[in-house]
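# Observations on the model geometry
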Amino acid sequence: MPPQGPPPQNMSGGKKAFLAVRNIAIIAVALGALASLKFGWDKIFESDAKAASVGDRLQNKGSNISPDMASADCSSSAAEYKVSEVHDDTTDTDLCDAKCVAYTETSGSRKSRTSVVLCPTPMKSTG
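Cut-offs and rules
- Residues numbered from 1 in each chain as written.
- Predicted model: local features only at pLDDT ≥ 70, side-chain atom pairs only at ≥ 80, totals over all residues.
- Heavy atoms only, no water.
- Buried < 20%, exposed > 50% of the residue type's maximum accessible area, 1.4 Å probe, protein only.
- Helix = DSSP H or I, 4+ residues; strand = E, 2+ residues; numbered from the N terminus.
- Pairing = 2+ DSSP bridges.
- Patch = residues over 30% accessible without salt bridge, like charges linked within 9 Å, V, L, I, M, F, W, Y side chains within 5 Å.
- Areas by Shrake-Rupley, 256 points an atom, 1.4 Å probe, with all protein chains shown as cover.
- Salt bridge = Lys/Arg side-chain N within 4 Å of Asp/Glu carboxyl O.
- Axes fitted to C-alpha atoms, helices over the stretch in contact; angles between N-to-C directions.
- Core = buried A, V, L, I, M, F, W, Y, C linked by side-chain atoms within 4.5 Å.
- Disulfide = S-S within 2.5 Å.
- Contact = heavy atoms within 4.5 Å.

### Quick notes on the pairing of strand 1 (residues 57–60)
Within a regular strand, the side chains alternate between the two sheet faces. Residues Arg57 and Gln59 of strand 1 are buried on one face, and the alternating residues Leu58 and Asn60, pointing to the opposite face, are buried as well. As paired strands, strand 1 and strand 2 (residues 69–72) are joined by 4 bridges and run antiparallel to one another. Of the residues in strand 2, the one forming a bridge with Arg57 is Ala72. By the bridge criterion, 2 bridges tie strand 1 to strand 3 (residues 81–88) in an arrangement that is antiparallel. The partner of Leu58 across the bridge, within strand 3, is Tyr81.

This is the structure in structure tokens:
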């Protein structure tokens, strides 16, 4: 007679149910995370420039050479520009009038890149 291994362990019904629920929860969380990455994770962390609309106020937290536009409260003295035009899905700064300081921002991966051109008008002397 060949040697026999240890007897199989029987799991109780409660433990099986717990493991099944746990595995389903792990799969649901993983699918939710993948869906958020695919369909809008960039919207959660959208830049102020991408979220800007006509009439919004902006301030340049960078420099003239390397601007970093951020939203500013309309009543704030930090507001340097007022957005007069917004052009989505382009980098063509010629769309802005001569009175505007064209600003473009591009983000995303190579396959899902998004761009915006803002045409902000200076509210005060930026010299």
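### Points about a nonpolar patch on the surface
On the surface, a nonpolar cluster with roughly 320 Å² of combined accessible area is contributed by Ile27, Leu31 and Leu34. Note that Leu31 resides in helix 1 (residues 13–38). Judged by relative accessible area, which is 54%, Leu31 ranks as exposed.

### Things to note about the sheet that holds strand 4 (residues 103–107)
Spatially, 5 strands are ordered 2-1-3-5-4 in an open sheet, and the strand pairing comes out antiparallel. A strand with exactly one partner marks an edge of an open sheet, and here the two such strands are strand 2 and strand 4. Sheet twist, expressed as the average angle between the axes of neighbouring strands with direction ignored, equals 45°.

### Let's talk about the nonpolar core
Counting residues in each nonpolar core, the largest one holds 9 residues, listed as Ala49, Ala52, Leu58, Met69, Tyr81, Val83, Tyr103, Val116 and Leu118. Looking at this core, the elements with two or more residues in it are strand 3 and strand 5 (114–122).

### Re the state of the cysteines
One pass over the full model with this rule turns up 1 disulfide. Disulfide pairing is shown between Cys96 and Cys119; the S-S distance is 1.9 Å. Looking along the S-S bond of the Cys96-Cys119 disulfide, the torsion reads about -80°, which is the left-handed sense. In this pair, Cys96 is assigned in the loop between strand 3 and strand 4 and Cys119 in strand 5, connecting sequence segments 23 residues apart. A single burial state applies to Cys96 and to Cys119, both of which are buried.

### Quick look at the environment of Asp68
Here Asp68 shows up in the loop between strand 1 and strand 2. Each C-alpha atom of the pair Asp68 and Leu58 lies 9.7 Å from the other, and the pair is 10 residues apart in sequence. Not counting chain neighbours up to four residues away, the residues in contact with Asp68 comprise Gln59, Asn60, Lys61, Gly62 and Tyr103.

### Topic: unusual backbone geometry
Despite not being glycine, Asp89 has its phi angle at roughly 60°, a positive value. Looking at the element boundaries, Asp89 is found in the loop between strand 3 and strand 4. On the basis of relative accessibility, which here comes to 66%, the residue Asp89 falls in the exposed class.

Keep in mind these numbers describe shape, not what the thing actually does.
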